[in-house]
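# Report on the structure
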Amino acid sequence: MTVGPTPYHSSLRTGHDGLMQLLHAEWTKFRTVRGWVIGTVSAGLVLVLVGLLASAGFHTGCPPEGCVTPPVGPDGEWVTDIFYFAYQPLDGDGSITVRVTSLTGLITYPPDHPNDIVPGVVPWAKAGVIIKESTRQGSPYAAVMVTGSHGVRMQYNYTHDTAGRSGGVSAASPRWLRLTRSSAVLTSYESADGSNWTRVGSAYLGGLPRTVLVGLFVASPWYIVSSPGLAGGTSSRLTQATANFDHVSLQGVAPGGGWTGHAIGVESGGPVLAQGGLMESEGSFTLSGTGDIAPAEGGGRRVEDTLRGTFAALIVVIVVATMFITAEYRRGMIRTTLTASPRRGRVLAAKAIVIGAVTFMAGLVGAAVAIPLGEWILRADGNQILTVTSLTELRVVVGTAALLAVTAVLALAVGTVFRRSAAAVTALIVAMVLPYVLAVAAPLPEGVSEWLLRVTPAAAFAIQQSLPQYPQVITGNTPLYYYPMAPWAGFAVLCVYTAVALALAAYMIRRRDA
Amino acid sequence: MEATIEVTELSKRFGQTMALDQLSFNVTPGHVTGFVGPNGAGKSTTMRVILGLDAADAGQALVGGRPYRSLRHPFNHVGALLDASALQPSRTGRNHLLWLAHSQGLTAARVDEVIGLVGLETAARRKAGGYSLGMRQRLGIAAALLGDPPVLMFDEPINGLDPEGIVWMRGFLRALAAEGRAVLVSSHLMSELQDTADHLIVIGRGRLIADVGVADLLAAAADGRVTLRTSARSEAMTALARAGATVATTDRDTLTVSGLAAERVVAVLGENTVPFSEVAPHRATLEEAYMELTRDAVEFHAAVGQAEAQ
């Protein structure tokens, strides 16, 4: 037997293998192609610049005496706090119990009777008992009430709403309401007969002072008529509600104290109907009032109005993220990549993490710059901005970055499946950008727009919505002022699409000959 | 032995075409092994299967005893250059090597080492899109050497190089083998492997035609023939034929004689007073040996015909 040459042995030492090395390699790949880096940075820039252009397009005039800022609720949001209030001071713990025997109302000049004031109760007309910090608009409160057509409710601090017994109120079917205060905890009860009580809910109002106001209230929001179609719009009509209360009993209140009646938030000299009033006769009270105690329904610009550039940034992100894989297929470099890392699923994972992370950073910086700059431009143009909590603002910023990042991963997956830039980019724009633009800007029927923003990846734009849609407020806003899905639910739709696309891409990259 | 490629009964079909048909061979360390066959014979497919890029329908390919896909730092086991043009044109050559190095847990220092090995220092920081084919080949070889592997595979590394590049490449391949590495080099032109390969694996239509040492092959092809240079061609042919030899005309004054040893040829020519200027044992070229080898491979001829027809 012949002795062969000595086989070669390398003295080269390498580190551990693993995902970190692949991430390092993919990051090096990304940062060494100037076009991809510029593309990603410009996605952030586009987000800012298009956002600024859009912000500059909003003009709102203010009266000469200056813009009126709506009251701000305890959670920092704008609120409506207009109602008729009959109250007494409450020192420490106590409670109020009443029986409501009727809720009626008036609607002024509805479209079908343009010259008349007609009887009618709007769905969210409210009458009941309330404990409120003070008469200051926006101060904390909790209340239990009967409504026009939503039964008994407990509501507190403007945004919270709990349903109680349904059904209307009349002399034949009265409602007993009770609200108790035990330091900062306010608990509400209701009863049909005054003896069998059911708890509706309770609220914790931190920081409530010892002395508060307790009493009866009535409010009646605008009657809002939306006419469908392109030429349509909304119109609002002043309304008034009137409620009868009896069996009023107070605990914790100084005996013999009198009632003070006050139309909170109503300017004197306005329409007579809006002034409301209080009549007391032999222990029976009749209150009339206008207004609402609820989150403000609009009138200002929202945080997300500064992020109108997102869809444009999304197009840039889709192109760059697709190229991140299709460029390899086009040049045959995918073979080099898969020779270097035969574990193909990991290659895909590393690419997804790298493109997702860099896009996230670009989106984060872009959104964090676009929002304050956009708000500054909006304010300079006389717009008011609907304030939200910093947590919500953070969610909008991080959510915008996440929207872009997850879309980049989706684009990478689709690019892996198609292996061609043109096909992948087209598919993604049709699936994601087009539905958004159509739903927001095109004259589609409301149902179609809603459907587009539910079933396509464009549902994820909901993550930018800063103001929740409160069911207890009927707004006159355009149908897509609110996205049809909750922020994280809409985002989850995109994540599901991305997960499915990634799974398909992983399956194909493993099975296919490279 | 560790540093080997073992290909066993490899078969792969692309639609109606049998790309690989029960192909088996081994590549041993310390040699340059030529992997020869016409375009479309299955050389690149074989290399892709060895590298785990394509899946075979049957059979297996092992590198150092293991399937490529099971290797953790594959560049420490095998270095390969399949397609020198598979580059992102806007990335510099050095950065191309850098991401490859990072994928193997290697550092930038190693990148600069291999750049030095292939003599690409001046071009390394330029965009790869502007590289000549020779520079791309050098870059590809640098990439293959990153992990300092005992096995190297190059697909058509000489194709398209200028004469200077060919000389460099041949020397480089031989030097790598001299270090004890197994070097597999494919080519569709036998002549490219002249003076480079020690061993040949010849395939056609996905089948093994020969697995033979170059020295043995050349000896067999020469087959005891004698080259005769003479100004009196017809007299020489007559005399030698009478003496029992088979004579073929090679060109105007050269004959190839078989069936007679060189001394007998000299004797016969002397007896018949035929003038001649040279009598020497025939030295076969690889190209000739290749033709000899494939003469009987009817299918292979058909394949060549098809390839030419395309």
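Keep in mind the model is a prediction, meaning the values are calculated, not measured. (Residues numbered from 1 in each chain as written. Chains lettered and ligands numbered in written order. Predicted model: local features only at pLDDT ≥ 70, side-chain atom pairs only at ≥ 80, totals over all residues.)

Helices and strands together make up the secondary structure of chain B, namely 10 helices and 13 strands. Its C-alpha atoms put chain B at 75 × 45 × 40 Å along the principal axes. Taking all 310 residues of chain B together, 50% fall into the buried category. Sequence separation of 24 or more characterises 71% of the internal contacts of chain B that already satisfy a separation of 6 or more. (Helix = DSSP H or I, 4+ residues; strand = E, 2+ residues; numbered from the N terminus. Buried ≥ 20, exposed ≤ 12 C-beta atoms within 10 Å, placed from the backbone. Contact = placed C-beta atoms within 7 Å.)

In the sheet, strand β11 (residues 246-251) of chain B pairs with strand β12 (residues 254-258) of chain B via 5 bridges, with the strands oriented antiparallel. The partner of Thr249 of chain B across the bridge, within β12 of chain B, is Leu255 of chain B. (Pairing = 2+ DSSP bridges.)

Let us look at the domain arrangement of chain A. Along its sequence, chain A is organised into domain 1 (19-59 + 301-511) and domain 2 (79-295). With centres defined by C-alpha atoms, the gap from domain 1 of chain A to domain 2 of chain A works out at 44 Å. (Domains from an automatic or database assignment.)

In this section: the environment of Thr256 of chain B. Relative to the elements of secondary structure, Thr256 of chain B occurs in strand β12. Expressed as a C-alpha distance, the spacing of Thr256 of chain B and Leu228 of chain B, which sit 28 residues apart in the sequence, is 6.2 Å.

Chain B puts 43 residues into the contact, and the matching count from chain A is 35 residues. Broken down by element, the side of chain B that touches chain A gets its largest block of residues, 6 residues, from helix α2 (residues 93-103) of chain B. Of the residues belonging to the side of chain B that touches chain A, the class tally is 20 nonpolar, 14 polar and 9 charged. (Nonpolar A, V, L, I, M, F, W, Y, C, P; charged D, E, K, R; others polar.)

Quick look at the packing of helix α7 (residues 390-418) of chain A against helix α8 (residues 421-441) of chain A now. When two helices pack together, you describe them by how their axes are tilted relative to each other and by the distance separating the axes. All names here are of chain A. Two elements in contact, α7 and α8, have axes whose closest approach is 9 Å; the angle formed by their N-to-C orientations is 135°. On the basis of their axis angle, the class for α7 and α8 is oblique. With respect to the hand of their crossing, α7 and α8 are arranged in right-handed fashion. In this structure, α7 contributes Thr407, Leu410, Ala411, Val414, Gly415 and Phe418 to the contact, and α8 contributes Ala423, Ala424, Ala427, Leu428 and Met432. Classifying every residue of the contact of α7 with α8 gives 9 nonpolar, 2 polar and no charged. (Axes fitted to C-alpha atoms, helices over the stretch in contact; angles between N-to-C directions. Parallel < 35°, antiparallel > 145°, perpendicular 65-115°, else oblique. Left-handed = near helix turned anticlockwise from the far one by under 90°.)

Residue and element names in this part refer to chain B. The N-to-C vectors of helix α7 (residues 233-242) and helix α8 (residues 262-271) enclose an angle of 115°; their axes lie 10 Å apart at closest approach. Handedness of the α7/α8 crossing: right-handed. Here α7 contributes Ala236, Ala239 and Leu240 to the contact with α8, which in turn contributes Val265, Val268 and Leu269. Residues belonging to the contact of α7 with α8 are distributed by class as follows: 6 nonpolar, no polar and no charged.

Further remarks concern helix α5 (residues 333-340) of chain A. One turn of the α-helix equals 3.6 residues, which is why residues spaced by three or four share an orientation. The buried count for α5 of chain A comes to 7 of 8 residues, which makes it a mostly enclosed element. Within the span of α5 of chain A, buried status applies to Ile334, Arg335, Thr336, Thr337, Leu338, Thr339 and Ala340 of chain A. Along its buried surface, α5 of chain A packs onto α4 (310-331) and α6 (344-380) of chain A together with β5 (78-81) and α2 of chain B.

Each assigned domain of chain B is listed here: domain 1 (5-212) and domain 2 (224-281). One C-alpha centre belongs to domain 1 of chain B, the other to domain 2 of chain B, and the line joining them spans 45 Å.

We now examine the confidence of the model for chain B. Residue and element names in this part refer to chain B. With 93% of its residues at a pLDDT of at least 70, chain B reaches an overall mean of 87. Ranking the helices and strands of chain B by mean pLDDT puts α2 first, with 96, and helix α10 (residues 298-309) last, with 46. With pLDDT under 50 throughout, residues 298-310 is counted as low confidence; its partners more than four residues away or in other chains account for 13 contacts. (pLDDT = per-residue confidence, 0-100.)

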